[in-house]
Amino acid sequence: MRTLLSFVLVLAFTAPAVAGELPTAKPGEVGLDATKLADIDKRVEKMLADKEFPGATVAITRNGKLAYLKSFGDFKNDSLIRIYSMSKPITVVAALILVEDGKLALDDPVSKYIKGFDKLAVNGSDEPATPMTVKDLMRHTSGLTYGLFGNTAVDKAYRKENVLGKDTSLEEMAQKLSQIPLLFEPGTRWHYSVSIDLLGRVIEVASKQSFDAFLKKRLFDPLGMQDTSFSVPDEKLARFVPCNGPGCRVIEAVETSRFRTEPKMLSGGGGLISTISDYVTFGLMLDAGGTWNGTRILKPETIKLMTSNQLPTGVMAWGNQGFGLGVSVQLKDNRFRGPAGVWGWGGAASTTFFASPKDRLTVVTMIQRMPMWNGLDRTVRQAVFAALAAPEKAATK
């Protein structure tokens, strides 16, 4: 009872204050069972006691309204958090804005924007590869790699050239990539890679603006995402949280974090800092069909394209997962991960975001634990889908 009362008080007082203009609702008003959602509180408190992480924040929206927002431990609702690869959907949305502007096309060859990519060959071949397209970058079918997870000759070349070095600009990164052979023929495989970092450079060329300036003008300012950027200014430092390893061991302190200075590498694949309310706003815009506070960011049909499987026939990401543009797409119902059509992505420090279009549901979870750990995501998914099912079960009695 005490946990449930605390949960209700958080919804009544904390969420509106931090979420600003975010529309809010009580769980029952949007078809969520509040007692099931209260299970999140108990389970997260247990994880805190077990030292899985020192702090967390969780947000759940249904039918376009924020129905649950709570922070635990050392985190607050306005804490600044490394979202790492959750930067990728943001970068893809930025590129899709240019597609709708007519300045970029999904089938454009990358070589239209970056010199040398028309000459790239698969490692071991002397013949130019199939042209890599903008769409290949968005869905990780480009033939690029990360240089972090494998030990092929191509991975070794990435490490030697320090492709994503913090002192490397997007233009310099693109130039390095234009000199390294591809891992495979574009369009034939799904392989997680620097593709969306390279997409940031394509955005610069197509928009004739720096990547960070374009993000601010066309996405962050219209959405009111004032805390999302590539670094943490001194005046916001008190809200920045450390990054931890297992057992709550600090592996990146606030005072010595690389995010304290503006990077030369504007990594659209993994370089953004954000808050839970900023990312919830981003998710709500997509859930609403691309419009936020009367401003059109994307068309509904563009979002549908982004969040549906775009992999070529016969190509899979992993398991029963397909891949859209910048996000994974679940192709079959899964008792642990939700129904077919669920899409989303996560970050290296264990932040996660997913949406279920069937349920008009979006969920954001944020902790700062590396290597990536899915314990919080798994717990919240279980509680959320149970909260969705409970009212339906009650109605049939």
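Residues numbered from 1 in each chain as written. Predicted model: local features only at pLDDT ≥ 70, side-chain atom pairs only at ≥ 80, totals over all residues. Heavy atoms only, no water.

1. Quick notes on the packing of aromatic side chains
Consideration 1: Per the counting criterion, the structure on display carries 16 aromatic pairs.
Consideration 2: Here the aromatic rings of Trp190 and Phe323 are separated by 5.5 Å at their centres, their planes lie at 50°, and the arrangement is tilted. Taken together, the residues Trp190 in the loop between α6 (170–177) and α7 (195–207) and Phe323 in strand β9 (residues 321–323) connect sequence positions 133 residues apart. Across this residue pair, the class does not change: Trp190 and Phe323 are buried. (Phe/Tyr/Trp six-rings, centres within 6.5 Å; stacked < 30°, edge-to-face > 60°. Helix = DSSP H or I, 4+ residues; strand = E, 2+ residues; numbered from the N terminus. Buried < 20%, exposed > 50% of the residue type's maximum accessible area, 1.4 Å probe, protein only.)

2. Considerations on the confidence of the model for the protein
Consideration 1: Looking at the protein, pLDDT values average 93 and 93% of them are 70 or higher.
Consideration 2: Contacts of residues 1–19 to residues separated by more than four positions or lying in other chains number 30 contacts, the stretch itself having pLDDT below 50.
Consideration 3: Here residues 393–397 is modelled with pLDDT under 50, and outside its nearest four sequence neighbours on either side it reaches zero contacts, counting other chains as well. (pLDDT = per-residue confidence, 0-100. Contact = heavy atoms within 4.5 Å.)

3. As for helix α3 (residues 87–101)
Consideration 1: Taking 1.5 Å per residue as the helical rise, α3 with its 15 residues ought to reach 21 Å, and the 22 Å between its terminal C-alpha atoms agrees with that figure.
Consideration 2: Across the 15 residues of α3, 12 count as buried, placing the element largely inside the fold.
Consideration 3: Residue Gly102 follows α3 closely and has a positive phi angle near 80°. (Expected span 1.5 Å × (residues − 1).)

4. Overview of the pairing of strand β13 (residues 361–366)
Note on strand geometry: in a regular strand, side chains alternate between the two faces of the sheet.
Consideration 1: Of all six residues in β13, six are buried; the element is thus mostly enclosed.
Consideration 2: Residue alternation in β13 divides its side chains into two sets, Leu361, Val363 and Thr365 and Thr362, Val364 and Met366, and both sets are buried.
Consideration 3: The turn linking strand β12 (residues 352–356) back onto β13 is made up of four residues, and Arg360 within it adopts a positive phi angle of 50°. (Pairing = 2+ DSSP bridges.)

5. Section: the environment of Phe230
Consideration 1: Its place among the elements puts Phe230 in the loop between α8 (211–223) and β4 (243–244).
Consideration 2: Those residues in contact with Phe230 that sit more than four places away from it in its chain are Phe211, Asp212, Leu215, Phe259, Glu262, Pro263, Leu266, Ser267, Gly268, Gly271 and Leu272.

6. Points about the nonpolar core
Most often, soluble globular proteins keep nonpolar side chains buried together rather than apart.
Consideration 1: Within the largest apolar cluster, 88 residues are counted, with the highest numbers of intra-cluster contacts made by Ile90, Val93, Leu198, Leu199, Leu219 and Phe282.
Consideration 2: If you tally residues by element for this core, the top one is α3, at eight residues.
Consideration 3: For Leu219, the contacting residues outside a window of four places in its chain are Ile90, Val93, Ile97, Phe214, Phe282, Met285 and Ile297. (Core = buried A, V, L, I, M, F, W, Y, C linked by side-chain atoms within 4.5 Å.)

7. Overview of α8
Consideration 1: The terminal C-alpha atoms of α8, which comprises 13 residues, lie 17 Å apart, in line with the 18 Å expected from a rise of 1.5 Å per residue.
Consideration 2: Taken as a whole, α8 carries its principal kink of about 40° at Lys217.
Consideration 3: Following α8 by one or two positions, Gly224 adopts a phi angle in the positive range, close to 70°. (Bend = angle between axes of the 7 residues up to and from the residue.)

8. Considering the side chain of Ser79
Consideration 1: The residue Ser79 is located in the loop between β2 (65–73) and β3 (81–84) in this model.
Consideration 2: Of the residues examined, Ser79 reaches a relative accessible area of 4% and is grouped as buried.
Consideration 3: A distance of 2.8 Å separates a polar side-chain atom of Ser79 from the backbone nitrogen of Lys76. (Polar contact = N/O pair within 3.5 Å; in protein donor to acceptor, adjacent residues only side chain to side chain.)

9. Focus on the packing of α3 against helix α9 (residues 276–287)
Consideration 1: Remark: α3 packs on α9, axes separated minimally by 12 Å, with the N-to-C direction vectors making an angle of 45°. Comparing their axes, α9 and α3 come out oblique. At the point where α3 passes α9, the crossing takes the left-handed sense. Listed contacts from α9 to Pro89, Ile90 and Val93 of α3 are Tyr279, Phe282, Met285 and Leu286. (Axes fitted to C-alpha atoms, helices over the stretch in contact; angles between N-to-C directions. Parallel < 35°, antiparallel > 145°, perpendicular 65-115°, else oblique. Left-handed = near helix turned anticlockwise from the far one by under 90°.)

10. Here we look at the pattern of salt bridges
Oppositely charged side chains can pair when the atoms bearing their charge come close.
Consideration 1: Applying the stated criterion across every chain, the model contains 22 salt bridges.
Consideration 2: With a closest N to O distance of 3.6 Å, Asp78 and Arg239 form a salt bridge. Of this pair, Asp78 sits in the loop between β2 and β3 while Arg239 sits in the loop between α8 and β4, and the two are 161 residues apart along the sequence.
Consideration 3: Residue Asp136 is joined to Arg139 by a salt bridge in which the shortest nitrogen-to-oxygen separation is 3.2 Å. Highlighted residues: Asp136 and Arg139, both in helix α4 (residues 134–139), separated by three residues, approximately one helical turn. Assigned by exposure class, Asp136 and Arg139 land together as buried. (Salt bridge = Lys/Arg side-chain N within 4 Å of Asp/Glu carboxyl O.)

11. Examining unusual backbone geometry
Consideration 1: With omega at 0°, the peptide bond leading from Met370 into Pro371 counts as cis.
Consideration 2: With a phi angle near 50°, Asn293 is a residue other than glycine that sits in the positive phi range.
Consideration 3: If you trace the backbone, Asn293 turns up in the loop between β7 (291–292) and β8 (295–296).
Consideration 4: Although it is not a glycine, Arg360 adopts a positive phi angle of roughly 50°.
Consideration 5: Inspection of the secondary structure assignment puts Arg360 in the loop between β12 and β13.

12. Side note on the environment of Gly200
Consideration 1: Positionally, Gly200 belongs in helix α7.
Consideration 2: Sequence spacing of Gly200 and Thr275 is 75 residues, and the spatial spacing of their C-alpha atoms is 21 Å.
Consideration 3: Apart from residues lying up to four places away in sequence, Gly200 is in contact with Thr91, Leu170 and Phe211.

13. Some details on the sheet that holds strand β11 (residues 343–346)
Consideration 1: With respect to topology, seven strands assemble into an open sheet ordered β2-β1-β13-β12-β11-β10-β9, the strand pairing being antiparallel. Looking at strand neighbours, the two that pair on one side only are β2 and β9, the edges of this open sheet. In this sheet, neighbouring strand axes are inclined to one another by 20° on average, regardless of whether the strands run parallel or antiparallel.
Consideration 2: Alignment of strand β10 (residues 328–330) against β11, held across two bridges, turns out to be antiparallel. Bridge assignment links Val329 to a residue of β11, and that residue is Trp343.
Consideration 3: Of the strands in this sheet, β1 (55–62) and β2 touch helix α2 (residues 34–49), which is tilted by about 20° from β2.

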